[in-house]
Amino acid sequence: MEHSSNSATIVDVLETILDKGVVIAGDIKVGLTDVQLLTIKIRLVVASVDKAKEMGMDWWETDSYFSSKATEQLEHQNLKLNERIEQLEKKLETKEIEGEKK
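The following paragraphs examine the structure supplied in this document.

Each value, and the rule that gives it
- Residues numbered from 1 in each chain as written.
- Predicted model: local features only at pLDDT ≥ 70, side-chain atom pairs only at ≥ 80, totals over all residues.
- Heavy atoms only, no water.
- Helix = DSSP H or I, 4+ residues; strand = E, 2+ residues; numbered from the N terminus.
- Rg over C-alpha atoms; globule rule 2.2 N^0.38 Å.
- Buried < 20%, exposed > 50% of the residue type's maximum accessible area, 1.4 Å probe, protein only.
- Areas by Shrake-Rupley, 256 points an atom, 1.4 Å probe, with all protein chains shown as cover.
- Lys, Arg positive; Asp, Glu negative; His and termini not counted.
- Charge placed at Lys NZ, Arg CZ, Asp CG, Glu CD.
- Pairing = 2+ DSSP bridges.
- Salt bridge = Lys/Arg side-chain N within 4 Å of Asp/Glu carboxyl O.
- Patch = residues over 30% accessible without salt bridge, like charges linked within 9 Å, V, L, I, M, F, W, Y side chains within 5 Å.

Looking only at helices and strands, the protein has four helices and two strands in total. On C-alpha atoms alone, the protein measures out to a radius of gyration of 27 Å, which is more than a quarter above the 13 Å that the 2.2 N^0.38 rule sets for 102 residues. By residue count, 4% of the 102 residues in the protein fall in the buried class. A total of about 9600 Å² of accessible surface is found on the protein, and carbon and sulfur atoms cover 56% of it. Charge centroids of the protein, computed over 14 positive and 20 negative side chains, lie 10 Å from each other.

Right, let's talk about the environment of Thr39 for a bit. Along the chain, the position of Thr39 falls in strand S2 (residues 35-46). Taking the C-alpha atoms as reference points, Thr39 and Leu92, separated by 53 residues in sequence, lie 47 Å from one another.

Turning our attention to the pairing of strand S1 (residues 22-32). Pairing of S1 with S2, which is carried by 11 bridges, proceeds in the antiparallel orientation. Bridging across to S2, Ala25 finds its partner in Arg43.

Attention now goes to unusual backbone geometry. Phi is positive for Thr33, which is not a glycine, with a value near 55°. With respect to the helices, strands and loops of the structure, Thr33 is situated in the loop between S1 and S2.

All right, on to the pattern of salt bridges then. Overall, the coordinates contain two salt bridges when judged by the stated rule. Arg43 serves as the salt-bridge partner of Asp27, at 3.1 Å between the closest nitrogen and oxygen. You can see Asp27 sitting in strand S1 and its partner Arg43 sitting in strand S2, a full 16 residues away along the chain. According to the relative accessible area criterion, Asp27 is partly exposed, its value standing at 42%. For Lys51, the salt bridge is made with Glu54, and the minimal N-O distance between the two is 3.2 Å. Here Lys51 and its partner Glu54 are both found in helix H2 (residues 49-54), three residues apart, which amounts to about one turn of the helix. The class of Glu54 is exposed, set by a relative accessible area of 62%.

Together, Ile28, Val30, Leu32, Val35, Leu37, Leu38, Ile40 and Ile42 line one region of the surface with nonpolar side chains, adding up to about 710 Å² of accessible area. Elements supplying a minimum of two residues to the nonpolar patch: S1 and S2. With five residues, S2 is the largest single contributor of residues to the nonpolar patch. By secondary structure assignment, the location of Leu32 is in strand S1.

Here we come to a negative patch on the surface. The grouping of Glu83, Glu86, Glu89, Glu93, Glu96 and Glu100 at the surface amounts to a negative patch. For Glu89, a relative accessible area of 46% corresponds to the partly exposed category.

Spelled out as structure tokens, the structure:
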């Protein structure tokens, strides 16, 4: 079995797609007579991680489902918010006690 030297293999095609990136976009619109009831926008980007970052797409780094770093940030933020809530509750209690004394 001979292969043409000009034909691209699946690996070559995949490498090109990941290197350059591919965007597939489509809209689905559902309507009744002249009234549009529903619009679904579908966007698919296929690219390497490096190419995606180059394009400004890095949502997986801040999504706690995909990144332990993001989970740590959320836990830290949650801890700070809980501390702030405790401080506010203490201030509120102090003001209520002062109000009862008057």
